[in-house]
Structures are given as structure tokens and as C-alpha cells.
Amino acid sequence: MSKRIGIMGGTFDPIHYGHLVLAEEVLNAFSLDKIYFIPVGKAPHKDEEKADKDMRFQMVQLATITNSNFRALSIEIDCEEVSYTINTVEKLKMGENKDDELFFITGADAILYLDSWMRFEELFSMCSFIAATRPGIDYKNVLEKIEYLKDKYGANIYPIEVPALDISSTEIRDRVRDDRSIKYLVPESVEAYIKKNNLYKKG
Ligand code: ATP
Ligand code: MG
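All figures in this text were calculated on a predicted structure; none of them were measured in a lab. (Residues numbered from 1 in each chain as written. Chains lettered and ligands numbered in written order. Predicted model: local features only at pLDDT ≥ 70, side-chain atom pairs only at ≥ 80, totals over all residues. Heavy atoms only, no water.)

Student: Give a description of the site of ligand 1 that names residues and reports values.
Tutor: Residues in close proximity to ligand 1 total 20 residues, the closest being Gly107, Asp109, Leu165, Ser169 and Thr170. Here His16 contributes a side-chain N or O atom positioned 2.9 Å from an oxygen atom of ligand 1. A distance of 2.4 Å is found between an oxygen atom of ligand 1 and a side-chain nitrogen or oxygen belonging to Thr170. In isolation ligand 1 offers 600 Å² of accessible surface; the protein chains occlude 89% of this area. Elements with a minimum of two residues in the shell around ligand 1: strand 1 (4-10), helix 1 (17-29), strand 4 (101-107) and helix 7 (169-177). Looking at the shell around ligand 1 residue by residue, the classes come out as four nonpolar, 12 polar and four charged. (Near = heavy atom within 4 Å. Polar contact = N/O pair within 3.5 Å; in protein donor to acceptor, adjacent residues only side chain to side chain. Areas by Shrake-Rupley, 256 points an atom, 1.4 Å probe, with all protein chains shown as cover. Helix = DSSP H or I, 4+ residues; strand = E, 2+ residues; numbered from the N terminus. Nonpolar A, V, L, I, M, F, W, Y, C, P; charged D, E, K, R; others polar.)

Set out below in C-alpha cells:
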């Protein structure tokens with residue numbers, strides 16, 4: 001039977017409660033069967049990641065293992081090339097998810113640049129998008145962009161308001177570097193992992 005699968009892409013450097021709350025809200029609001037967390041191998045638009053990809057993946061595993069609806073997938077980190085969502089979606093569609101409906105979940109910040117993504121028109125025909133509110137992002141611009149992408153390319157993009165958690169991986173890294181607490185911002189297992197591996201201490 002066809003399933004409804006959410007895809008959470010991100011650097012997850014590190015994963016934090018903003019990501020997890022977003023995924024949980026979307027799972028329920030869109031009646032999804034599962035959410036795959038897929039850490040990026042090499043991001044097209046981002047500076048160098050601070051923690052290496054295996055560590056970012058392990059933190060995603062630790063954070064998702066306690067929720068049976070969440071699953072960590074290593075398809076992007078297993079690949080040496082730059083990760084493009086279109087390649088990931090194609091891989092899922094060629095494998096066990098060939099009959100499933102895919103929903104790519106992003107914070108609203110990503111929607112503004114969606115039409116610069118590799119082969120975005122094909123991507124729009126292969127999956128829908130779920131765009132979540134995120135503190136600091138002007139939602140009016142996002143809604144306008146969604147209308148534009150719908151009219152021009154037939155994209156399916158669903159906005160959703162999630163409880164605002166003003167947490168970012170950048171903020172987590174800054175706090176660790178400055179010896180400030182990250183308790184209650186990331187799962188305890190992730191906090192312990194960061195400490196044990198001495199991550200984010202410099203720069
Ligand atoms: P960085 O500060 O390094 O950019 P980040 O916190 O934005 O990290 P990413 O791994 O870049 O984390 O984000 C993955 C996805 O999760 C993106 O679509 C992003 O918009 C979304 N996201 C991250 N944090 C939040 C949050 N607090 N609320 C809603 N969405 C979020
Ligand atoms: Mg980001």
C-alpha cells in the first residue's frame with residue numbers, strides 16, 4: 001500500500017529540538033506514515049560543515065531512535081558528490097518508496113530559494129513541499145513565493161505554522177564554543193555526544 005513519507009533534509013550540524021518539533025508537527029498535521037531524516041553529505045549552498053558527516057549522522061540517529069515514526073537515512077552522506085535533493089528523491093523513488101507519496105519538509109527560509117535548486121521543475125513533479133514558519137522569517141514573502149511557484153510551475157507547496165522555537169544549529173555551536181548551556185535545546189543524547197567528542201569548541 002502506498003505510504004505518505006516526509007523527508008527532513010538538513011545539515012543537522014547538530015540536530016536540535018527545532019528540527020524535531022517541526023517533524024512531529026508535520027507528521028501529525030499531514031497524517032504522514034514516517035519521516036526520514038536525511039543529513040546532507042556535501043551541501044550545494046553552504047559553507048563547510050563543522051562536524052564531519054558521520055558525526056552529524058550519528059547525532060541524527062541518537063535524536064530519532066526514540067520515535068518509531070522517525071528514521072535516519074544515510075543516502076546523502078554515503079555519496080561523495082554534492083547532495084542535491086532531486087538525486088535523493090530519485091533514489092527513494094527507485095527503491096522501497098517507489099509507490100509512496102513524498103513530502104519534502106523545510107523551514108520557510110528555504111522556500112524563498114527553491115527555484116534555484118538543481119532541476120527544481122522535475123523535483124516539483126516528484127514530491128510536494130511543506131513549508132514551516134520559522135522565527136525571523138517574514139512569512140508574507142514566503143506565502144507570495146508559494147503562490148508564484150504554484151502558478152508558474154504547478155508546484156505543490158503547503159504552508160504550516162509550527163510552534164516557534166528560536167533555535168538554530170548556529171546558535172547551538174556558538175553556545176558550545178562559549179561554554180554556555182545547550183540543555184533543553186537538543187536531546188540529552190546529542191548533548192552528551194557533543195561533549196564526549198569535543199565538538200564545536202573552536203570557530
Ligand atoms: P544552521 O544554523 O547551521 O543553518 P539550522 O538550524 O538552520 O542550521 P539546518 O540543518 O540548516 O538547521 O535545517 C534543516 C531544516 O530545518 C531547514 O529546512 C530549516 O529551515 C529547518 N529548521 C531548522 N531549525 C528550525 C526551527 N527552529 N524552526 C523551524 N524550522 C527549522
Ligand atoms: Mg539553516
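Let us keep going from here.
Student: Outline the environment of Ala132, supporting the account with residue identities and numerical values.
Tutor: Looking at the secondary structure, you find Ala132 in strand 5 (residues 128-132). We classify Ala132 as buried; its relative accessible area is 0%. In this structure, the C-alpha to C-alpha distance between Ala132 and Ile111, residues 21 residues apart in sequence, is 9.3 Å. (Buried < 20%, exposed > 50% of the residue type's maximum accessible area, 1.4 Å probe, protein only.)

Student: So what's going on with unusual backbone geometry? Which residues, and what values?
Tutor: Along the chain, Asp13 connects to Pro14 via a cis peptide bond; the corresponding omega equals 5°. One non-glycine residue, Phe12, lies in the positive phi region at around 50°. Owing to a relative accessible area of 2%, Phe12 belongs among the buried residues under this scheme. Of note in this structure, Ser31 is not a glycine but carries a positive phi near 45°.

Student: Explain the packing of aromatic side chains to me, and be specific about the residues and the numbers.
Tutor: Tallying each qualifying case throughout the model produces 11 aromatic pairs. On the numbers, 5.9 Å between centres and 50° between planes, the contact of Phe30 with Tyr158 is tilted. Of this pair, Phe30 sits in the loop between helix 1 and strand 2 (34-39) while Tyr158 sits in strand 6 (residues 157-160), and the two are 128 residues apart along the sequence. Between Phe120 and Phe124, the ring centres sit 5.7 Å apart and the planes meet at 65°, which makes this aromatic pair edge-to-face. Of this pair, Phe120 and Phe124 both sit in helix 5 (residues 120-126), separated by four residues, roughly a single helical turn. We classify Phe120 as buried; its relative accessible area is 14%. Following the ring pairs from residue to residue traces out a cluster consisting of Phe104, Trp117, Phe120, Phe124, Phe129 and Tyr153. Its end group placed over the ring of Tyr184, Lys183 keeps NZ or CZ at 5.8 Å from the ring centre. (Phe/Tyr/Trp six-rings, centres within 6.5 Å; stacked < 30°, edge-to-face > 60°. Lys NZ or Arg CZ within 6 Å of the ring centre and 35° of its normal.)

Student: For the pairing of strand 1, give the residues involved together with the corresponding values.
Tutor: Judged from the five bridges that link them, strand 1 and strand 4 form a sheet pairing that is parallel. Bridge pairing links Arg4 to Glu101 in strand 4. Where strand 1 lies against strand 2, six bridges are found, and the strand directions are parallel. Bridging from a neighbouring strand, Gly9 pairs with Ile38 of strand 2. (Pairing = 2+ DSSP bridges.)

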